[in-house]
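Fold and contact review
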Amino acid sequence: MKPTFKILTILGSPHDGKSNTKALVEDFVEDMKNEGLQLDHEVIALGRKRVEPCKGCWNCTYNRPCPIKDDLEEIKLKMIECDMLILASPVFTNQITAQMKAFFDRLFTWCHIYPLLGKYSLSVVTTGNDGHKETASFMEKMLATYGTFSFGSITSIGAFTPGFFPWREHSRSKNNRMAKKVATTILKEKMPARRRIQKKIFRTMKLKMTGIHTVNCLQYGNLEGQPKPNPVRVKLMNKFFKKLNITNEQLNKWAGFLAFELAWWRDRNWLDSKSLKQLMDKPIPENFNAASRLLNHN
């Protein structure tokens, strides 16, 4: 284990110093530290950063430069370097904040490539009274999509206006056992149990990427060193294309769809993986620089 365990919190609150959500996170991390875990904790408050909404240009997925120049690259680097990622947001109208949603949207390609595969994670939600369950569920899905292994969610009601959090001490006491469990698991260098959402995300991503791979191979031919498309799927796709009168021009566009993500899956030799465990067990090729791809492709 590293001498110092790096924890990064992405705080979706538009506030910082008065954020009740930040207070809940800091209490939890302090209790982890009290269990003997040597850690460094950094909080990136999106309300204090410039992360513009996605323009929907699709440049990133076609491996072209993003037209937006803001603080996202700095945040991505911190995410790559951390050992544990905490996503934290107050409830705004039954969901995450606008700041957090803009952040997720800008990481569109990350939703297909497991960029943080194997890292620890946690989601944190505060609310005045309601909406915490669905908000936590959404952030857990994002954590699974990025390839992290989550300990689950900690939530608290009674977090009203900024700086007014009468439930704070009660919530800290309630979450103390969870903090001990998280710290102990990390100190033993073990991983949380795989969750149902991780299996579901894997099935979805495998179906999507092998589908794009099949269309790409139909248009441009099979690639040496890559698995050949399933013949049954090829037959069904050709039947589907014919039924919908898909033109060759449309197929060429389809075949180039998710180019950045498809190259990632091919270069990692993931396309024939039958489970998340198999995917994780694949060795990283010597010439594959994940950080460089994640930071430079846009």
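For the structure given in this document, a descriptive report is provided here. Within each chain, residue numbers correspond to sequence positions counted from 1 in written order. Owing to the predicted nature of the model, reporting of local features is limited to residues with pLDDT of at least 70; listing and counting of side-chain atom pairs is limited to 80 or more, with chain, interface and lining totals taken over all residues. Heavy atoms throughout the structure, all of them, feed into the side-chain values; hydrogens and water do not.

1. A word on the packing of helix H4 (residues 132–145) against helix H6 (residues 196–220)
Basically, it comes down to this: Geometry is summarised by axes, namely lines fitted to C-alpha atoms with helices restricted to the contacting stretch, and by angles between N-to-C directions that run from 0 to 180 degrees. A run of H or I in DSSP becomes a helix once it reaches four residues, and a run of E becomes a strand once it reaches two; helices and strands are each numbered from the N terminus. Note on angle classes: values under 35 degrees are labelled roughly parallel, values over 145 roughly antiparallel, values of 65 to 115 roughly perpendicular, and the remainder oblique. Working rule for handedness: look at the near helix, and if it is turned counterclockwise from the far one by less than a right angle, call the crossing left-handed; if clockwise, right-handed. In what follows, residue pairs with any heavy atoms lying within 4.5 Å of each other are defined as contacts.
Packing of H4 against H6 brings their axes to within 9 Å, and their N-to-C directions diverge by 55 degrees. As far as their axial angle goes, H6 and H4 are oblique. Relative to H6, the crossing made by H4 is right-handed. Across from Lys141, Ala144 and Thr145 in H4, the residues of H6 making contact are Ile197, Gln198 and Ile201.

2. Comments concerning the pattern of salt bridges
Quick reminder of the rule: Definition used for salt bridges: Asp or Glu carboxyl oxygen within 4 Å of a side-chain nitrogen of Lys or Arg. Each residue is assigned to one of three classes by its accessible area relative to the maximum for its type, calculated with a 1.4 Å probe on protein chains only: buried under 20%, partly exposed between the two thresholds, exposed over 50%.
Applying the stated criterion across every chain, the model contains 15 salt bridges. Put simply, Lys49 and Glu74 hold a salt bridge, and the shortest N to O gap is 2.7 Å. Taken together, the positions of Lys49 in the loop between strand S2 (39–45) and helix H2 (72–81) and Glu74 in helix H2 put the pair 25 residues apart, joining distant regions of the chain. Residue class for Lys49 comes out partly exposed when judged on its relative accessible area of 29%. With its nearest N and O atoms 2.6 Å apart, the salt bridge here joins Arg106 to Asp70. Of this pair, Arg106 sits in helix H3 (residues 98–106) while Asp70 sits in the loop between S2 and H2, placing them 36 residues apart in sequence.

3. Overview of the layout of surface pockets
Take a probe with the size of a water molecule and roll it over the atoms, and the empty space left behind shows itself. Definition in use: Detection works on a 1 Å grid of protein atoms alone, calling trapped sets that fit a 1.4 Å probe cavities and calling open sets with protein on both sides within 12 Å along at least five of seven lines pockets, with lining residues defined by an atom within 4 Å of a point. Grid points are joined across faces, edges and corners, and a volume is the space filled by probe spheres set on the points. All residues other than Ala, Val, Leu, Ile, Met, Phe, Trp, Tyr, Cys, Pro, Asp, Glu, Lys and Arg, Gly among them, are scored as polar; the first ten of these are nonpolar and the last four charged.
Here the largest pocket defines a volume of roughly 340 Å³. For the largest pocket, the lining is made up of 15 residues, of which Pro115, Leu116, Leu117, Arg268 and Ile284 are closest to its centre. With three residues, the top contributor of residues to the lining of the largest pocket is helix H11 (residues 290–296). Looking at side-chain class alone, the lining of the largest pocket contains eleven nonpolar, one polar and three charged residues.

4. Here's the deal with the packing of H6 against helix H7 (residues 231–243)
The axes of two packed helices give the description: the angle between them and the distance between them. Contact geometry of H6 with H7 gives a least axis separation of 11 Å together with a crossing angle of 75 degrees. Of the possible angle classes, the one that applies to H6 and H7 is roughly perpendicular. From H6, Leu207, Thr210, Gly211, Thr214, Val215 and Leu218 reach across to H7, where they touch Arg233, Val234, Met237, Asn238 and Phe241. Of the residues that constitute the contact of H6 with H7, the class distribution is six nonpolar, four polar and one charged.

5. Observations regarding a nonpolar patch on the surface
Formally: Patch criteria: residues need more than 30% relative accessible area and no salt bridge. Like-charged residues are merged within 9 Å; nonpolar side chains of Val, Leu, Ile, Met, Phe, Trp and Tyr are merged within 5 Å. We get accessible surface area from the Shrake-Rupley algorithm with a probe of 1.4 Å; when it comes to residues, only the shown protein chains can shield them.
A cluster of nonpolar side chains, Ile157, Phe160, Phe164 and Trp167, forms an exposed patch at the surface whose accessible area comes to about 370 Å². With respect to the helices and strands, Phe160 occurs in the loop between strand S5 (149–156) and helix H5 (168–187). According to the relative accessible area criterion, Phe160 is partly exposed, its value standing at 41%.

6. Quick word on the side chain of Ser150
For clarity, the threshold we go by: Each polar contact in these results corresponds to two N or O atoms within 3.5 Å; when the atoms are within protein, one needs to be able to donate a hydrogen and the other to accept it, and residues that are neighboring in sequence are counted only if both atoms are side-chain atoms.
Summarising the element assignment, Ser150 is placed in strand S5. Overall, the relative accessible area of 4% leaves Ser150 in the buried class. A distance of 2.9 Å separates a polar atom in the side chain of Ser150 from the backbone nitrogen of Gly152. In contact with Ser150, not counting residues within four places along its chain, are Ser121, Leu122, Glu140, Leu143, Pro192 and Arg195.

7. Description of the sheet that holds strand S1 (residues 5–11)
For the record, the criterion: Note: two strands are recorded as paired if DSSP finds a minimum of 2 bridges between them.
Taken in spatial order, the five strands of this open sheet run S2-S1-S3-S4-S5, and their pairing is parallel. Two strands bound the open sheet, and with one partner strand each, they are S2 and S5. Pairs of neighbouring strands in the sheet enclose a mean axial angle of 15 degrees, with direction left out of account. Strand direction decides the pairing type here: S1 and strand S3 (residues 84–90), joined by five bridges, are parallel. Residue Ile10 lies in a different strand from S3, and its bridge partner there is Leu87. Against the sheet, H3 engages S1 and S3, with an angle of about 140 degrees to S3. Along the sheet, H5 contacts S1, S3, strand S4 (120–126) and S5; its crossing angle with S5, the most-contacted strand, is approximately 170 degrees.

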